[in-house]
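Results of the structural survey
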Amino acid sequence: MAPKHPTAAVLLCEVVMEILSWIPAKPVTRLKLVCKSWNSIISHPHFAKLHLHRSPKNSILLITRTPPFPEKERKQGLVLSSVESFIQNPSSTLDAQENRRSLHVEDCVVGSCNGLVCVSHSLFHPNNDNFDIWFRLWNPLIGFISGNSPSPCLRVNGHDAFGFGYDESSDSYKVVIASRDYSSGTVTAQVYSFRGSSWKRVNSFPAFPFFDDNGHFIGGTLNWLGLRNPHGGDDYDWDAVTLDMLMIVSFDLKSDTNKQILLPKGIDEIPREEPSLEVSGNSLYLLHDYKNTHFIAWQMKEFGDENSWTQLLKISFDHLGVEMLLLPELIFENGNIFMFMGRHCFEEVFYDRRDNSVKRVNINNLDFDAFDYVESLIQPF
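Throughout what follows, the structure given in this document is the object of discussion. (Residues numbered from 1 in each chain as written. Predicted model: local features only at pLDDT ≥ 70, side-chain atom pairs only at ≥ 80, totals over all residues. Heavy atoms only, no water.)

Time to look at the pairing of strand S6 (residues 130-139). Among the ten residues that make up S6, eight are buried, leaving the element largely enclosed by the rest of the structure. Bridge count for S6 against strand S8 (residues 154-157) is four bridges, and the pairing is antiparallel. Across the sheet, residue Asp132 finds its bridge partner in S8, namely Arg155. With two bridges joining them, S6 and strand S7 (residues 144-145) adopt antiparallel strand pairing. (Buried < 20%, exposed > 50% of the residue type's maximum accessible area, 1.4 Å probe, protein only. Helix = DSSP H or I, 4+ residues; strand = E, 2+ residues; numbered from the N terminus. Pairing = 2+ DSSP bridges.)

Moving on: the nonpolar core. Among the nonpolar cores identified, the biggest contains 45 residues, and Phe135, Phe164 and Tyr173 are the most heavily contacted of them. Take this core: its biggest share by element is five residues, from S6. Excluding residues within four positions of it along the chain, Tyr173 makes contact with Cys113, Asn114, Leu116, Leu137, Phe164, Gly165, Tyr166, Tyr192, Ser193, Phe194, Ile378 and Pro380. Judged by nonpolar contacts, the second largest core, of 20 residues, contains Val241, Ile248, Val279 and Trp298. (Core = buried A, V, L, I, M, F, W, Y, C linked by side-chain atoms within 4.5 Å. Contact = heavy atoms within 4.5 Å.)

On to the packing of aromatic side chains. Following the criterion strictly, the structure yields 13 aromatic pairs and no others. Ring centres of Phe164 and Tyr173 lie 6.1 Å apart, and the angle between their planes is 20 degrees; on these two criteria the pair is classed as stacked. When its relative accessible area of 5% is taken as the criterion, Tyr173 is described as buried. Through a chain of ring-to-ring contacts, three or more aromatic side chains come together here, namely Phe135, Phe162, Tyr192, Phe194 and Trp199. (Phe/Tyr/Trp six-rings, centres within 6.5 Å; stacked < 30°, edge-to-face > 60°.)

This is how it looks when you write it as structure tokens:
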């Protein structure tokens with residue numbers, strides 16, 4: 001029976017909210033059917049944020065594509081999977097239908113944050129290198145999609161850098177696009193908040209991010225690895241790049257400003273190939289090869305503190321059984337497990353630094369990318 005005293009009713013509601021907030025996201029959505037009061041509690045934005053805060057960060061978001069030929073059969077979709085399931089059997093995970101969500105073939109996932117997926121949709125112009133682009137938010141778990149209110153259309157070129165993240169100060173999700181003007185050499189950024197109605201141009205970037213890498217969200221910032229004043233266009237010669245040209249650009253989503261993050265002091269020569277950034281857990285990672293023989297991973301243990309860079313791993317390509325100059329595709333378990341492409345295109349190699357073990361797994365004829373993801377009840381707007 002429901003308590004008759006108002007104070008008792010409030011206390012009961014708080015107790016129920018406390019208990020429900022510890023239940024995993026998928027089961028708790030079914031509990032909305034128990035009664036009206038539970039439906040009201042679970043549907044409230046405050047509960048969604050409380051639940052997100054207590055959710056385990058043990059899922060990844062996989063973007064899968066079937067082989068592109070014949071084109072009429074090409075499909076694209078998202079598969080939600082635990083890290084453990086994916087490592088144990090990647091092919092079965094990618095082929096699973098029960099956790100698959102469909103995507104349009106022209107859609108592209110820009111990033112994932114707080115259970116929301118930022119999806120771009122592009123319309124290419126065949127006569128030039130430009131295309132029109134829109135962005136929308138999607139929560140695959142609860143089916144929420146901002147399709148009726150996407151971002152305003154923006155014309156960009158095929159070499160822009162994208163990023164998606166969350167500004168806690170304004171409780172808003174934002175998309176950032178960095179574009180380079182080849183005539184002047186400057187890099188400008190445009191920001192769109194899904195709480196707003198238009199794009200906002202902000203200050204120039206000190207370097208141009210590698211255009212094939214989405215911004216990495218951590219600590220309220222988006223981070224790219226980029227080059228300061230590269231010679232030529234996007235087809236610059238990496239052999240001409242010097243160490244002082246390489247830098248990390250960190251864009252603060254609260255202030256819409258950027259700053260430079262210095263590379264680890266232990267890097268005393270330019271890597272043979274372009275390094276990469278990754279985020280796993282609450283840490284930023286810088287990954288690069290060493291003299292075509294070893295893979296090195298640096299971890300910034302305290303984000304924003306350049307003195308906290310630590311060399312986490314240095315391991316030979318021979319031990320991993322991977323091709324030379326190949327950086328990891330994913331980092332799991334707070335920097336403990338690294339996934340590399342093996343010696344052929346359908347082999348994945350998992351390295352666990354905790355016991356120095358190497359596991360090789362064959363994957364069926366599937367092309368995929370992956371993002372960190374946590375199931376949530378978040379529904380903005």
